[in-house]
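Given next are the chains, with one letter for each unit.
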Amino acid sequence: MTEFWKKHLADTITIAFFAIAGVALAIYAALPKNGTYDSLKAEITLDGKRLEKNGYLDLSSYGEEETEIEIIGKKSPMKIGVKHNAIHVLSSDCPSHYCISQGWVTEPGVPIVCAYNHIVITILGTSGNDINL
Amino acid sequence: MSEGKEKKTLMEEGEPSPKPSHFNLHKMTLMAILLALAIAIGYVESLIPSFLPVGGVKLGFANIIIVVVLYELGVWEAASIDLGKVLVVALLRGSFLQMGFFMSLSGAVVSLLIMVLLKLLVKPLTEVGVSAVGSMFHSFGQVAVGALFMGSGAVFYYYCYLMPIALATGVIVGIAANRIMATKVIARQKRQYGFD
């Protein structure tokens, strides 16, 4: 065991350093942005620009029944399902369907990414309500 | 007869050939074989479907070749094999100049850069540490290009999933490279044909 540590101590320290830095960055990127969970908005972007039609959805205004919305991606149209404070991808022409298998997303900060259509769907919390009186 | 005897002793003592030239046929052949191996591993891996709800997760065992070449032959040799592998695998898969190609290109460049830096600057590191950190940076480079293409930093969320896998496969790659170098298969060629 000591032989092992003599040989791989530097390895372990270096790997641990970069792993912790990577995890910190990932947690920072994944942290929900400021906001409350009761009125969520979804932003749908194509190549970083918000879509003109349906690019900004107030998820709290939808009821418990699912509403279908069609959006136009880079290569093909996609169908998106929306209900109260939740959003998911219903159908897409992409070969892998990762976005569909991800299912309903309800947390701010968790994105749905469709690499095929260059679409990113992010849930934003509403800011302004987070001041404790 | 005496000439042949002299040649034999030269080879046994392991001295480099009397006129070390820039172009060495043995080295070129060896590098071509290694490149072909890297391409074969990379292409077969790209046929395995991803087992995670995240695209582009691969085992990355082609990096065994890159790490071995980086240690045994040098930086430029490793860079040329790495870039050649990315190019040919992209052409075979039909993803040349598409997003997937740029993702693997940036992953390859970033991971090779960090591996060269670590190997040069942190002397006590072994292949295992170098390849594990290189593997983590490989997925970082891929995710960064993905974020650039989509214009959204939210793509970095997937780095949470990719990083632990990259760490595990990087350690496996490092151990495999260590085992290959322990057989001295390339070191023997280098000594016999006088190149480095």
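Residues numbered from 1 in each chain as written. Chains lettered and ligands numbered in written order. Predicted model: local features only at pLDDT ≥ 70, side-chain atom pairs only at ≥ 80, totals over all residues. Heavy atoms only, no water.

A. Structural view of the confidence of the model for chain B. Per-residue pLDDT for chain B has a mean of 84; in total, 84% of the residues score no lower than 70. At the low end of the mean pLDDT range in chain B sits helix 1 (residues 2-13) of chain B, at 52; at the high end sits helix 3 (residues 63-72) of chain B, at 94. (pLDDT = per-residue confidence, 0-100. Helix = DSSP H or I, 4+ residues; strand = E, 2+ residues; numbered from the N terminus.)

B. Structural context of the sheet that holds strand 6 (residues 86-91) of chain A. Residue and element names in this part refer to chain A. Reading across from one edge, 4-5-6 is the order of the three strands in this open sheet, with antiparallel pairing throughout. Each edge of the sheet is formed by a strand with only one pairing partner; in this case those strands are strand 4 (67-72) and strand 6. The average undirected angle you get between the axes of adjacent strands in this sheet is 35°. Relative to strand 6, strand 5 (residues 77-83) runs antiparallel, the two being bridged by five bridges. The partner of valine 82 across the bridge, within strand 6, is isoleucine 87. (Pairing = 2+ DSSP bridges. Axes fitted to C-alpha atoms, helices over the stretch in contact; angles between N-to-C directions.)

C. Representation of the pattern of salt bridges within the structure. All names here are of chain A. Tallied over the entire structure, the rule returns four salt bridges over all chains. Salt-bridge contacts for arginine 50 lead to glutamate 43; the nearest nitrogen and oxygen are separated by 2.8 Å. What makes arginine 50 partly exposed here is its relative accessible area of 44%. Overall, the relative accessible area of 18% leaves glutamate 43 in the buried class. (Salt bridge = Lys/Arg side-chain N within 4 Å of Asp/Glu carboxyl O. Buried < 20%, exposed > 50% of the residue type's maximum accessible area, 1.4 Å probe, protein only.)

D. Representation of the environment of leucine 47 of chain B. Tracing the sequence through the fold places leucine 47 of chain B in helix 2 (residues 25-47). Its relative accessible area of 56% is what places leucine 47 of chain B among the exposed residues.

E. How the structure looks around the pairing of strand 5 of chain A. Residues and elements named next belong to chain A. The pairing of strand 4 with strand 5 spans six bridges and is classified as antiparallel. Bridged to glutamate 70 within strand 5 is lysine 79. In sequence, strand 5 turns back onto strand 6 through a hairpin of two residues, with asparagine 85 there showing a positive phi of about 55°.

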